[in-house]
Amino acid sequence: MNKPMTMIAAAASVAVACLNFSSTANAGAVLDHVLATKTLTVATSVGWPPTSFINDKGELDGFDVEVAKGVAKYLGVDAKLVTPEWNIVTSGKWEGRWDLTMGQMVPTQARAEKFDFPGIYFYYNLVAVVHKDSKATKPSDLDGKVTGVISGTDNELYANHTLEMLGVPPVQYQFTPGKVKSYEGTPSPSDDLRLGDGVRLDGLIGDETSAKDSIKAGYPFKIIGTLAAAPGAIAIRHGDKEFSDKIGAALKSMRDDGTLSKLSIKWYGTDYTTAK
């Protein structure tokens, strides 16, 4: 385990503990509803294999999906999966439509104003990606260039130099885009970048696992540098400490019995559930 990720692991644990400052005004309301209906409604995504995607049977599948089902099993309920746009999830305007999100959300100061983070379950790197025909060889080569990101993600925060991860040393920004192009659905940044170098984008910011999977799938990309290391957490709305504690306990159980590690190896080929 290297020093930066060791610091992230320790800081993430502290951050998660500190973020469970829910109001007790509605304590137990969400948990009571989940147990009464025997259903845990989980917001996740589609089109992000192997994290969360539609498989050949037309069903949601992937690492996040299986973790969500594991959490539901711990609570003794069924998991109901829904797929709202990520920017709606991060807005915090859930209006009771789902109970938690399995989106590997990075705990930030801004997000802590809306969410509690019961536990970290994934660690990943943000990377700079360009078309294979690009002359760029390092992130700083994207200075002043058009860079694609998914709206509402830590990738967008990095591009706009506003990524403030809780408990982690300040991010060192390696380039400043000339224009940040945000995407809320399809086409995605990958769809536009694959059209060619500079056609619509000069590069994109994404997570390393997705970038490598895209390259493996034949996308004409290359990774030109790691930008930041980030923890991914389950997120819930403020207001139910009992629910937060139960979700945290579920994750701890899955970590202690090796389930999280096995699922990561199954879907990614390596263990991304611990900081390295």
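Parameters and conventions
Residues numbered from 1 in each chain as written. Predicted model: local features only at pLDDT ≥ 70, side-chain atom pairs only at ≥ 80, totals over all residues. Heavy atoms only, no water. Helix = DSSP H or I, 4+ residues; strand = E, 2+ residues; numbered from the N terminus. Contact = heavy atoms within 4.5 Å. Pairing = 2+ DSSP bridges. Axes fitted to C-alpha atoms, helices over the stretch in contact; angles between N-to-C directions. Buried < 20%, exposed > 50% of the residue type's maximum accessible area, 1.4 Å probe, protein only. Arc of directions from axis to C-beta. Salt bridge = Lys/Arg side-chain N within 4 Å of Asp/Glu carboxyl O. Core = buried A, V, L, I, M, F, W, Y, C linked by side-chain atoms within 4.5 Å. Phe/Tyr/Trp six-rings, centres within 6.5 Å; stacked < 30°, edge-to-face > 60°. Lys NZ or Arg CZ within 6 Å of the ring centre and 35° of its normal.

### Quick look at the environment of Y272
Counting through the fold element by element, Y272 comes out in the segment after helix 10 (259-268). Between the C-alpha atoms of Y272 and Y121, which are 151 residues apart in sequence, the distance is 8.4 Å. With residues up to four places along the chain from it excluded, the contact list for Y272 reads F122, Y123, T209 and S264.

### A look at the sheet that holds strand 5 (residues 100-105)
Spatially, 4-1-5-10-6-9-7-8 is the arrangement adopted by the eight strands of the open sheet, whose pairing is mixed. In this open sheet, the two edge strands, each paired with only one partner strand, are strand 4 (78-82) and strand 8 (179-183). On average, adjacent strands in this sheet sit at an angle of 30° to one another, irrespective of strand direction. Judged from the four bridges that link them, strand 6 (residues 115-131) and strand 9 (residues 203-207) form a sheet pairing that is antiparallel. Bridging from a neighbouring strand, L126 pairs with D207 of strand 9. Docked against the sheet, helix 8 (residues 208-216) engages strand 6, strand 9 and strand 10 (221-237), running at close to 130° with respect to strand 10.

### Some details on helix 10
Given 3.6 residues per helical turn, the α-helix brings residues three or four places apart onto the same face. Along helix 10, the positions that sit buried rather than exposed are L260, L263, S264, W267 and Y268. Buried residues of helix 10, seen end-on, are gathered within an arc of 100° and therefore sit on one face of the element. Opposite the packed face of helix 10, turned more than 90 degrees from it, sit the exposed residues K262 and K266. G269 lies just past helix 10 and shows a positive phi near 85°.

### Quick notes on the pattern of salt bridges
Any two side chains of opposite charge can pair, on the condition that their charged atoms come close. Taken as a whole and assessed by the stated rule, the structure comprises eight salt bridges. Across the pair K132 and D133 runs a salt bridge whose closest N-O atoms are separated by 3.2 Å. For K138, the salt bridge identified is with D141, shortest N-O distance 3.1 Å. Looking at K138, the relative accessible area reads 41%, which means it is partly exposed.

### Focus on the environment of G203
Its place among the elements puts G203 in strand 9. By relative accessible area, which is 0% here, G203 ends up buried. Separated by 21 residues in the primary sequence, G203 and I224 place their C-alpha atoms 9.8 Å from one another. Setting aside anything within four residues of it in sequence, one finds G203 in contact with V129, V130, L142, V146, T147, G148 and L193.

### Considering the environment of V67
Structurally, V67 is set in helix 3 (residues 63-75). In this structure the C-alpha to C-alpha distance between V67 and S264, which are 197 residues apart in sequence, comes to 9.5 Å.

### Observations concerning the nonpolar core
By size, the foremost hydrophobic cluster in this structure holds 48 residues, and its most contacted members are L40, V67, V71, L100, Y121 and I234. Formed by 13 residues, the second largest nonpolar core is a distinct cluster that contains A43, W86, V89 and A275.

### Remarks on the packing of aromatic side chains
One pass over the structure, following the stated rule, counts 13 aromatic pairs. Considering the side-chain rings of F63 and Y121, the 6.1 Å spacing of their centres and the 20° angle between planes classify their relative orientation as stacked. Taken together, the positions of F63 in helix 3 and Y121 in strand 6 put the pair 58 residues apart, joining distant regions of the chain. Of the two residues, F63 and Y121, both sit in the buried class. Taken together, the aromatic side chains of F63, Y121, F122, Y124, Y268 and Y272 make up a single cluster linked through ring pairs. The ring of Y219 is capped by R194, whose NZ or CZ atom sits 3.9 Å from the centre of that ring. The residue whose ring lies beneath R237 is F115, and the NZ or CZ to ring-centre distance is 5.9 Å.

### Some remarks on unusual backbone geometry
Here the amide bond leading from P49 into P50 is cis, since omega sits at 0°, within 30 degrees of zero. Here P50 lies in the loop between strand 1 (39-43) and strand 2 (53-54). Phi at E95 takes a positive value of approximately 50°, unusual for a residue other than glycine. Relative to the elements of secondary structure, E95 occurs in the loop between helix 4 (86-91) and strand 5. Of the residues examined, E95 reaches a relative accessible area of 71% and is grouped as exposed.

### Quick word on the pairing of strand 6
Counted residue by residue, strand 6 has 16 buried out of 17 residues, so it is predominantly covered. As paired strands, strand 6 and strand 10 are joined by 14 bridges and run antiparallel to one another. Within strand 10, the residue paired with N125 across the bridge is A229.

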